[in-house]
Structures are given as structure tokens and as C-alpha cells.
Amino acid sequence: MAYAYSSAIIEAPVEAVWDAVRDFGALAAWHPGIAKSEIEDGKDPDAVGCIRALTLKDGGTARERLMMLDDSRYRFTYNFETPAFPVTDYLSTLELTPVTNGDATFAAWSATFNERPEDAGVYVDIVANGVFATGLAALAARLKGSAAAGEAPRWQGFRPAKVFCSSVLQAPLERVWAEMRDFAGMDGWHPEIANMHMLDGARSDKVSGVRDFMFGEGKLHEQLTLLSDLDHAFRYKINASSTPWMNYHSGVKLHAVTASGQCFAVWTADWTASANDDVRLIPMVHNDVFQRALDTLDQKLAEPR
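Below is a summary of the structure that appears in this document. (Residues numbered from 1 in each chain as written. Predicted model: local features only at pLDDT ≥ 70, side-chain atom pairs only at ≥ 80, totals over all residues. Heavy atoms only, no water.)

So, the nonpolar core
Core analysis: the biggest nonpolar cluster contains 52 residues, and Y90 and F113 have the highest contact counts within it. Of all the elements, helix α2 (residues 122–143) adds the most residues to this core, at eight residues. Sequence-distant contacts of Y90, that is, excluding residues within four places in its chain, are made with Y78, N79, F80, A111, T112, F113, V127 and F132. Judged by nonpolar contacts, the second largest core, of 39 residues, contains V163, W177, A184 and M186. (Core = buried A, V, L, I, M, F, W, Y, C linked by side-chain atoms within 4.5 Å. Buried < 20%, exposed > 50% of the residue type's maximum accessible area, 1.4 Å probe, protein only. Helix = DSSP H or I, 4+ residues; strand = E, 2+ residues; numbered from the N terminus. Contact = heavy atoms within 4.5 Å.)

Okay, here's the thing in C-alpha cells:
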């Protein structure tokens, strides 16, 4: 199955970007390749199952059905009812993620589909670059500097994690992953972490391995629970800490920003603690641990090799 992907950073808050793309019938308002976009049968554009009829600038046509719409996670999925080109089993998702280090948005547009053997790779390029990248570039230009309308709570009030920290790093994903993948290497890119090493001689890529280190004056043990070179992600849990929390589990996932060659990092954490302790712990983890680490790593990777 073929896979097409394009992504970009849009200099506008996620609420403003979502307001522009959520209307399934309004594609022609922001995509330069679409001459006309209408929802069939008078249905609402946020009614799952509705179909939009598209007229392309080159005269072609297509029909797409809304399969999923998620206001709490800023994403929707659609298929081809009548394809614009000869592919089958086409399924596409546009997903937005807020950049917490600033007030921008990471937009990722992807699709899976089957091509004919004689067309292998042809429509991957057309979809990823001619459709997705072109659309995201136009959307970024249209919305740059826009403000969020209204006062709706982000994530519809239901955050994906207790701490959600996201940042754009200037280096490409491969370089960022090469640094972050080393589970025992964080003392090289966080100024408050020292003497980090794996216990019992474990390799730093061993899932179940435990790293021992000092954070300031506190000692911690953290155990690797996931490492994925496919998703450029890892997760870990705290086994020993003097901090008043339980069941701490945290993870990082990296995303390629194809429009600029940058990397978008999302770092999340959940735990159990008292409400009084969380008043202090949540901003501490977000600012002093995650964001400080990402800022330092970004600076390190910007230095000449």
C-alpha cells in the first residue's frame, strides 16, 4: 500500500487553523488547486458521512466522503467516493497539533492507497506534493498571524496528557532522533541532569533497561518501556524518585516537518499526585524538564559539527 505524507508549521494557533479546515465543504476557500467544493444533498459539512463534490482547477472532478471528525483532537479523515486519479482504497487524514513553545500549529496531512503496478510511486508524489504540500503552504500563508476566534477551551477541555509540551527543532528528524534515542544520553542535553548511566550494564536501547541519574539534588530511576525506530518514539516510567507522585509515565514522539526540514517534538507525561502538588509539578515538568531539554538539544544540534 502506498503512503503519502506532508507536514508544515503554520504560524497561527490551532483553534484558528481548525476553524479554517474543519468545514469539509470549504476546501476551495484555501486550497489553490480546487475551483469549487460543495457538500451534496444539503447536508451539514460536519455531518459524518457527508460527501463533498470537488471541481479541480485543471477541470477534473472528485467526490470525497467524511469518515471521521474529531473536535477534541483537531483531525478528520475522508475517503474517495469518486477518485480524482486511478487509485483504490484511498483514505486520508488531516491532523493539527498545537505547538506549545509559541502559538503555532503543526499540520500533518497523510493518505494511504493502492496504485496500479505500472503507476508505482506516481501518485505518491502527486498526492504528497501536488495536493498536500501545496494546500498546506497556501493555508500557512493565508492564516499567518491569525488569532483564535472565541474562547473555546483547547482540546475541548480534555487534554491528551497532564503535561503536553511540543516544540519545533531546527534540525531534521533523523539528527534529533539520533540524540534522543540514546536513553542514557540526556545528561548531554539537559543542564540539570548529571551522571546518567544504565544500571546493570544494560544497553541504552534495551526496553526494560533502567537509567540512574541526578536531577539537581534528587536521584531518579527511570525504566524504558517503549522504543520505536518506526515511529521515532520512546516511553519510560519512574521507578524511584523523591517527588510526591505515583504511576509516572512519560513519552516523546518526533514528527518530520516536510515543508522546512525541521523536526516537531511532542513530550507528554501523566502521573498521580494530589491537586496541591500538581500546582507545582505540572509547570515544573513542562518548563524545567521537557521544554528546557528541547531548547538545549535544539541549541546543541545547531552548533557546527
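After presenting the structure, the write-up continues.
Comments concerning the pattern of salt bridges
Tallied over the entire structure, the rule returns 18 salt bridges. Among the salt bridges present, the one from E40 reaches R63, with a minimum N-O distance of 2.8 Å. In this pair, E40 is assigned in the loop between β2 (34–39) and β3 (51–56) and R63 in strand β4 (residues 61–70), connecting sequence segments 23 residues apart. One salt bridge connects E179 with K300, and the closest N-O pair in it is separated by 3.2 Å. Of this pair, E179 sits in helix α3 (residues 173–180) while K300 sits in helix α4 (residues 275–302), and the two are 121 residues apart along the sequence. One network of salt bridges, with partners in common, ties together E15, D103 and R154. (Salt bridge = Lys/Arg side-chain N within 4 Å of Asp/Glu carboxyl O.)

Observations concerning the side chain of S92
Looking at the element boundaries, S92 is found in strand β6 (residues 87–99). A relative accessible area of 0% means that S92 is categorised as buried. One polar contact links S92 to W109, side chain to side chain, over a distance of 3.3 Å. Beyond its immediate stretch of four places on either side in the chain, S92 contacts F76, T77, Y78, W109, S110, A111 and F132. (Polar contact = N/O pair within 3.5 Å; in protein donor to acceptor, adjacent residues only side chain to side chain.)

Quick look at the sheet that holds β3
Strand order across the open sheet formed by seven strands is β1-β7-β6-β5-β4-β3-β2, with antiparallel pairing between neighbours. At either margin of the open sheet sits one strand with a lone partner, and together these are β1 (2–10) and β2. On average, adjacent strands in this sheet sit at an angle of 20° to one another, irrespective of strand direction. Pairing of β1 with strand β7 (residues 104–115), which is carried by nine bridges, proceeds in the antiparallel orientation. Bridge pairing links I10 to T105 in β7. Its contacts with the sheet put helix α1 (residues 14–21) on β1, β4, β5 (75–82), β6 and β7, and the angle it makes with β6 is roughly 150°. Set on the sheet, α2 makes contact with β1, β5, β6 and β7; between it and β1 the angle comes to about 15°. (Pairing = 2+ DSSP bridges. Axes fitted to C-alpha atoms, helices over the stretch in contact; angles between N-to-C directions.)

Remarks on α4
Across its 28 residues, α4 extends 39 Å between first and last C-alpha, which sits within 8% of the 40 Å expected from 1.5 Å per residue. Here α4 has its buried residues at D278, L281, V285, H286, V289, F290, Q291, A293, L294, L297, D298 and L301. The elements touched by buried residues of α4 are β8 (163–169), α3, β10 (210–215), β12 (233–240), β13 (246–257) and β14 (262–272). (Expected span 1.5 Å × (residues − 1).)

Quick word on the pairing of β13
In the sheet, β12 pairs with β13 via five bridges, with the strands oriented antiparallel. Paired with K237 across the two strands is H249, which belongs to β13. Inspection of the sheet shows β13 paired to β14 by 10 bridges, in the antiparallel sense. Across the sheet, the residue bridging to A256 is C263, located in β14. Hairpin connection, β13 to β14: the antiparallel pair is bridged by four residues, and G261 has positive phi, about 75°.

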